[in-house]
Amino acid sequence: IDEGLAMLRSILDTQGEAGEPRLTALLLSATAQLQYRLDRYDEALTNASRAIAEGGAVPDRETRLQALKVLGSCHLRLGRLADAERFFRQALQDAPASVDPRHAATMMDHLARVASSLGRRAEARRLAMRSLLQHRRLGDVAGEALCLDHLGELMLDGGDAAAAEAHLKEGLAICECHGLVG
């Protein structure tokens, strides 16, 4: 990741102020994603915000979605739940299930985590189940396993150990069947 960041910084430095805005936005968004993965939240927030600003009036959809996801994820990790929810909802609005079903499934899962953290358990379960069903429709086993893990956590937090165990065992079985180690 550090090597990737160094390459992205080098490209950004090379193009400078005269760079093409859509390319700059893409590079900033990718940089923000890597910084998020390294838990460098302040840097990631700065670069994701810059990516959206650089995108201008007609941004690249994928670049904007990645930047919104980074903004939401950073705010979630920092406990800024209202901001996290705002960015995840914007990302879902920009790419609903009818346009980008995989992205929408991921955003619903993120929104479920926010709702859970805010104590809105029924909403969290509803969103998590919608996300799980969408991942299953897509055949996205990694997304399905992750949703099952999150559902297990939700059930455990709600005091339903039996339901939590069922979700967690199902997720573990998917991981073992498909060689998923994360």
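1. Here we look at the environment of Asp100
Then comes step 1: Considering the arrangement of structural elements, one finds Asp100 in the loop between helix 5 (81-94) and helix 6 (101-117).
Then comes step 2: Sequence separation between Asp100 and Met155 is 55 residues; the distance between their C-alpha atoms is 28 Å.
Then comes step 3: For Asp100, the residues in contact, after removing those within four places along its chain, are Arg61, Glu62, Leu65 and Ala95.
Then comes step 4: Separated by 3.2 Å, the side chain of Asp100 and the backbone nitrogen of His103 make a polar contact.

2. Structural notes on the packing of helix 4 (residues 61-77) against helix 6
Two numbers describe a pair of packed helices, the interaxial angle and the distance between the axes.
Then comes step 1: Between helix 4 and helix 6, the least distance of the axes is 11 Å, while the angle of their chain directions is 15°. One finds that helix 4 runs roughly parallel with respect to helix 6. Here the hand of the crossing between helix 4 and helix 6 comes out left-handed. For the pair formed by helix 4 and helix 6, the contact residues are Leu65, Lys69, Ser73 and Leu76 on the first element and His103, Met107, His110, Arg113 and Val114 on the second.
Then comes step 2: Taken together, the residues that form the contact of helix 4 with helix 6 break down as four nonpolar, three polar and two charged.

3. Focus on helix 8 (residues 141-157)
Then comes step 1: Over its 17 residues, helix 8 runs 24 Å from end to end, which matches the ideal 24 Å to within 8%, given 1.5 Å per residue.
Then comes step 2: If you check which residues of helix 8 are buried, you get Gly143, Glu144, Ala145, Cys147, Leu148, His150, Leu151, Gly152, Leu154 and Met155.
Then comes step 3: Buried residues along helix 8 sit in contact with helix 6, helix 7 (121-138) and helix 9 (161-178).
Then comes step 4: Two residues or fewer after helix 8 comes Gly159, characterised by a positive phi angle close to 85°.

4. Side note on helix 9
Then comes step 1: The terminal C-alpha atoms of helix 9 lie 26 Å apart, and with 18 residues this matches the ideal 26 Å at 1.5 Å per residue to within 8%.
Then comes step 2: Buried residues along helix 9 sit in contact with helix 8.
Then comes step 3: Positive backbone phi, approximately 70°, marks Gly179, located one or two places after helix 9.

5. Considerations on the pattern of salt bridges
Then comes step 1: Evaluation of the coordinates by the stated rule reveals 16 salt bridges.
Then comes step 2: Asp2 serves as the salt-bridge partner of Arg40, at 3.3 Å between the closest nitrogen and oxygen. Placement of Arg40 in the loop between helix 2 (21-37) and helix 3 (41-55) and of Asp2 in helix 1 (residues 2-15) is noted, with a sequence separation of 38 residues between them.
Then comes step 3: Overall, Asp2 belongs to the partly exposed group, its relative accessible area being 47%.
Then comes step 4: For Glu123, the salt bridge goes to Arg120, with nearest N and O atoms at 2.6 Å.

6. Here we look at the layout of surface pockets
One way to see where empty space is left: roll a probe the size of a water molecule over the atoms.
Then comes step 1: The calculated volume of the largest pocket comes to roughly 530 Å³.
Then comes step 2: Of all the elements in the fold, those that place two or more residues in the lining of the largest pocket are helix 2, helix 4, helix 6 and helix 8.
Then comes step 3: For the lining of the largest pocket, the residue count by class is six nonpolar, eight polar and six charged.

7. Quick word on the nonpolar core
Then comes step 1: One finds Tyr36, Ala48, Val70, Cys74, Phe88, Leu92 and Leu151 to be the most contacted residues of the largest nonpolar core, which totals 45 residues.
Then comes step 2: No other element matches the seven residues that helix 6 contributes to this core.
Then comes step 3: Dropping the residues within four chain positions of it, Ala48 is found in contact with Ala32, Ala67, Val70 and Leu71.

8. Describing unusual backbone geometry
Then comes step 1: For Asp39, which is not glycine, the phi torsion reads 60° and is therefore positive.
Then comes step 2: By secondary structure assignment, the location of Asp39 is in the loop between helix 2 and helix 3.
Then comes step 3: Classification of Asp39 as partly exposed rests on a relative accessible area of 46%.

Analysis parameters
- Residues numbered from 1 in each chain as written.
- Predicted model: local features only at pLDDT ≥ 70, side-chain atom pairs only at ≥ 80, totals over all residues.
- Heavy atoms only, no water.
- Helix = DSSP H or I, 4+ residues; strand = E, 2+ residues; numbered from the N terminus.
- Contact = heavy atoms within 4.5 Å.
- Polar contact = N/O pair within 3.5 Å; in protein donor to acceptor, adjacent residues only side chain to side chain.
- Axes fitted to C-alpha atoms, helices over the stretch in contact; angles between N-to-C directions.
- Parallel < 35°, antiparallel > 145°, perpendicular 65-115°, else oblique.
- Left-handed = near helix turned anticlockwise from the far one by under 90°.
- Nonpolar A, V, L, I, M, F, W, Y, C, P; charged D, E, K, R; others polar.
- Expected span 1.5 Å × (residues − 1).
- Buried < 20%, exposed > 50% of the residue type's maximum accessible area, 1.4 Å probe, protein only.
- Salt bridge = Lys/Arg side-chain N within 4 Å of Asp/Glu carboxyl O.
- 1 Å grid on protein atoms, 1.4 Å probe; cavity = no way out; pocket = protein on both sides within 12 Å on 5 of 7 lines; lining within 4 Å.
- Points joined across faces, edges and corners; volume = space filled by probe spheres on them.
- Core = buried A, V, L, I, M, F, W, Y, C linked by side-chain atoms within 4.5 Å.

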